[in-house]
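Here are the chains, one letter per residue:
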Amino acid sequence: MSSQTSGPTEESSTGAVEPESAVETARRQLEHAAELVDIDPNIVERLRYPKKVHEVTVPIERDDGTVEVYTGYRAQHDSVRGPYKGGLRYHPEVTRDECVGLGMWMTWKCAVMDLPFGGAKGGIAVNPKELSSDEKERLTRRFAQEIRDVIGPTVDIPAPDMGTDPKTMAWLMDAYSMQQGETTPGVVTGKPPVIGGSEGRDGAPGRSVAIVTREVVEYYDRDVAGTSVAIQGYGSVGANAARLLDEWGATVVAVSDVNGGIYDPDGLDTAAIPSHATEPEAVMEHEAPQTVSNEELLELDVDVLIPAAVGNVLTAENARDVSADIVVEGANGPTTTVADDILTERDIPVVPDILANAGGVTVSYFEWLQDINRRAWSLERVHEELEAEMQAAWTEVRNTFDDRDVTWRDAAYIVALSRVAEAHDSRGLWP
Ligand code: GLU
């Protein structure tokens, strides 16, 4: 299926060469966006770096009595608009640089949504699949202790990301609260609703991906009903986006998980395919006329392609083989700089992650408000307010896209960077 026309070392217009780390992609995107915004170069220079990166050692006792030592990070990028906000990732490839790049993206994501938060990201370099639930609990509680001084409801508020879930957030909240001597639900978001989590938080990133897909499809004079969609990843983002789009009449022809994908040109019954949360890695067990590899899925001839798994999947190697008319980024950083240039050159619109999957942090913001006010919202209210926030951000980005004649990514960056830069400008430098 793949007819490789370019090598992975191809250079982009910005001089980017693959392989590219998250921080390199994030910095290139910032530098490119800075050229489009009237912004003090000193502020751009500050935004190229995180404010602080915390690196901690996290030793735990394994179930067999041996001790294993892991490294954890919390990269705090910028807090000019409010407390740092962003997920915690448990994945073997977590590095300091990856957290810095992902933390930068959180700054823009919160700004594009106009949330009163800055950006951060953290995680532990660990393969959570190799740990028992008890081991994960010990790891999380010890990590919470190690970063306790640098997080808090008004300082830095972690949330779930790859390899972490509501259960992880419950342990973190409990460990923090026990040390503080008071129950502090606002220290993390993405908790189970019974301890102050928000209804609808789990499905929120996927819901925003679906909303943005619907809007962009309509922008290009099509209807979501009948639109064919391929989705890479069937976790919280992919499965929820797939099911919602399916509900709205789209034809979801392919979905995948880490083991590969299934394909049905007539459309899959997405509700019948167990998501990662209910049955991890079960996609391939579902009956379908054809199977596809994860690489093949990215090249399917569909109206919309949604990479919603890991980063850096659209690269110099496959961007020329993408056959979708529109790409909507469900994952964080799925497109390398070179691939982004190739897709732009090929007139394939790419709606960026910082807008498309921002439903997660937006409902995190709702959760934080509910925690502070000690008052829970109904699922209907969460859905209504999320829809309104997504519409507002979409309208702002779409107007910028139309006025400035730039890419969707540029438009989202212009909105986000202008807000962050204005806040820096207005607060000034201390002392
Ligand atoms: N990890 C999610 C993201 O990348 C959510 C972050 C949050 O809710 O703070 O957007």
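This one's a predicted model, so the numbers in the text were calculated from it and none came from an experiment.

**Focus on the sheet that holds strand E4 (residues 119-125)**
Spatially, E1-E2-E4-E3-E5 is the arrangement adopted by the five strands of the open sheet, whose pairing is mixed. Only two strands of the sheet have a single partner each, and these edge strands are strand E1 (52-61) and strand E5 (156-160). For this sheet, the mean angle separating the axes of adjacent strands, direction not counted, is 25°. Here E1 runs beside strand E2 (residues 67-78); their pairing, made up of ten bridges, is antiparallel.

**With respect to the environment of Trp-430**
Within the element layout of this structure, Trp-430 appears in the segment after helix H13 (408-427). You can call Trp-430 exposed: its relative accessible area is 79%.

**Observations concerning the nonpolar core**
Among the nonpolar cores identified, the biggest contains 82 residues, and Trp-108, Val-255, Ile-306, Val-328 and Leu-417 are the most heavily contacted of them. In terms of residue count, the dominant contributor to this core is H13 (eleven residues). Setting aside its immediate chain neighbours within four residues, Leu-417 contacts Leu-30, Ala-33, Ala-34, Val-37, Ile-39, Leu-47 and Trp-108.

**Let's talk about the UniProt feature "site: Important for catalysis" (unreviewed entry) in the chain**
Residues annotated in UniProt with the feature "site: Important for catalysis" (unreviewed entry) correspond here to Asp-161. Relative to the helices and strands, Asp-161 is located in the loop between E5 and helix H5 (166-180). Aside from chain neighbours lying at most four places away, what touches Asp-161 is Gly-87, Leu-88, Arg-89, Lys-121 and Asn-332.

**Focus on the packing of helix H1 (residues 22-34) against helix H3 (residues 96-112)**
Two packed helices can be described by the angle between their axes and the distance between those axes. The N-to-C vectors of H1 and H3 enclose an angle of 35°; their axes lie 7 Å apart at closest approach. Handedness of the H1/H3 crossing: left-handed. Residues Ala-22, Val-23, Thr-25, Ala-26, Arg-27, Gln-29 and Leu-30 of H1 touch H3, and the partners they reach there are Asp-97, Glu-98, Val-100, Gly-101, Met-104, Trp-105 and Trp-108. In terms of residue class, the contact of H1 with H3 is built from eight nonpolar, three polar and three charged.

**Some details on the pattern of salt bridges**
Note that side chains of opposite charge can pair when their charged atoms are close. Applying the stated criterion to the full structure yields 27 salt bridges. Between Glu-281 and Lys-129 there is a salt bridge whose closest N-O contact spans 3.1 Å. Of this pair, Glu-281 sits in the loop between strand E8 (260-263) and strand E9 (290-292) while Lys-129 sits in the loop between E4 and helix H4 (133-147); the two residues are 152 residues apart in sequence, bridging distant segments of the chain. Of the charged contacts in the structure, one is a salt bridge between Asp-303 and Arg-222, with a shortest N-O distance of 3.3 Å. Of this pair, Asp-303 sits in the loop between helix H8 (294-298) and strand E10 (304-307) while Arg-222 sits in the loop between helix H6 (204-219) and strand E6 (228-232), and the two are 81 residues apart along the sequence. Classification of Arg-222 as partly exposed rests on a relative accessible area of 32%. Several salt bridges share partner residues, and in doing so they unite Arg-89, Glu-98, Lys-121 and Asp-161 into one network.

**Remarks on the site of the ligand**
Lining the immediate environment of the ligand, one finds 14 residues, of which Lys-85, Lys-109, Pro-160, Asp-161 and Ser-364 sit closest. With respect to the ligand, the side chain of Lys-85 contributes an N or O atom lying 2.8 Å from an oxygen atom. In the model, an oxygen atom of the ligand is placed 3.0 Å from a nitrogen or oxygen of the Asn-332 side chain. Burial of the ligand by the protein chains amounts to 95% of its free accessible area of 300 Å². Listed by contribution, the elements that provide at least two residues to the shell around the ligand are strand E3 (84-91), H3, E5 and helix H11 (359-373).

**Some remarks on the environment of Glu-285**
Tracing the sequence through the fold places Glu-285 in the loop between E8 and E9. On the basis of relative accessible area, Glu-285 is assigned to the exposed category, the value being 63%. Distance in space between the C-alpha atoms of Glu-285 and Asn-399 is 44 Å, their sequence separation being 114 residues.

**Observations regarding the sheet that holds E8**
If you walk across this open sheet you meet the seven strands as E9-E8-E7-E6-E10-E11-E12, and the pairing is mixed. Of all the strands in the sheet, the pair left with one neighbour each is E9 and strand E12 (350-351). Relative to E9, E8 runs antiparallel, the two sharing three bridges. Within E9, the residue paired with Gly-261 across the bridge is Val-292. Across the sheet, H6 is in contact with E10, strand E11 (326-328) and E12; its angle to E11 comes to roughly 155°.

Cut-offs and rules
- Residues numbered from 1 in each chain as written.
- Predicted model: local features only at pLDDT ≥ 70, side-chain atom pairs only at ≥ 80, totals over all residues.
- Heavy atoms only, no water.
- Pairing = 2+ DSSP bridges.
- Helix = DSSP H or I, 4+ residues; strand = E, 2+ residues; numbered from the N terminus.
- Axes fitted to C-alpha atoms, helices over the stretch in contact; angles between N-to-C directions.
- Buried < 20%, exposed > 50% of the residue type's maximum accessible area, 1.4 Å probe, protein only.
- Core = buried A, V, L, I, M, F, W, Y, C linked by side-chain atoms within 4.5 Å.
- Contact = heavy atoms within 4.5 Å.
- UniProt positions renumbered as here; feature names shortened; annotations may be inferred.
- Left-handed = near helix turned anticlockwise from the far one by under 90°.
- Nonpolar A, V, L, I, M, F, W, Y, C, P; charged D, E, K, R; others polar.
- Salt bridge = Lys/Arg side-chain N within 4 Å of Asp/Glu carboxyl O.
- Near = heavy atom within 4 Å.
- Polar contact = N/O pair within 3.5 Å; in protein donor to acceptor, adjacent residues only side chain to side chain.
- Areas by Shrake-Rupley, 256 points an atom, 1.4 Å probe, with all protein chains shown as cover.

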